[in-house]
Amino acid sequence: QQISPFGGFGHKHFLSRLAHNIVVTYLLTEAHSGHDLPWMSHRIFPEILGGSPLHEGHHHDGRVYYQQYFKYLDDFFGFTKEDLEQQKE
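Remember, it's a predicted structure, so these values are computed and weren't measured experimentally.

How each quantity is defined
- Residues numbered from 1 in each chain as written.
- Predicted model: local features only at pLDDT ≥ 70, side-chain atom pairs only at ≥ 80, totals over all residues.
- Heavy atoms only, no water.
- Salt bridge = Lys/Arg side-chain N within 4 Å of Asp/Glu carboxyl O.
- Buried < 20%, exposed > 50% of the residue type's maximum accessible area, 1.4 Å probe, protein only.
- Helix = DSSP H or I, 4+ residues; strand = E, 2+ residues; numbered from the N terminus.

## Description of the pattern of salt bridges
Consideration 1: On inspection of all chains with the given rule, the structure shows 2 salt bridges.
Consideration 2: Across the pair Asp 36 and Arg 43 runs a salt bridge whose closest N-O atoms are separated by 2.9 Å.
Consideration 3: Under the relative-accessibility criterion, Asp 36 is labelled partly exposed at 39%.
Consideration 4: Using a relative accessible area of 44% as the deciding quantity, one classes Arg 43 as partly exposed.
Consideration 5: In this structure, Lys 71 and Asp 75 form a salt bridge, with 2.9 Å as the shortest nitrogen-oxygen distance. Taken as a pair, Lys 71 and Asp 75 lie in helix H4 (residues 71–77) at a separation of 4 residues, close to a single helical turn.
Consideration 6: You can call Lys 71 buried: its relative accessible area is 17%.
Consideration 7: Among the residues examined, Asp 75 registers a relative accessible area of 35% and is labelled partly exposed.

Here it is as structure tokens:
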């Protein structure tokens, strides 16, 4: 995975790959943990991250909350539980 977003202008730096892997692994672990604790990232950045509660909602009803990280995309495209309920009415 040494593909650079800048074409042939070089490889990704080792430390940037390391930081990316650590952050993504943490967010995936947190989203699948099933916990809703006060210091979790979805509480710190509620408009951006859906976190464990919304991801669990996705596993219960596969038609809502597709994004683990970018909650605003679900809000924009109407993939929330409230939008689904409005469509049923």
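Once the structure has been displayed, the description carries forward.
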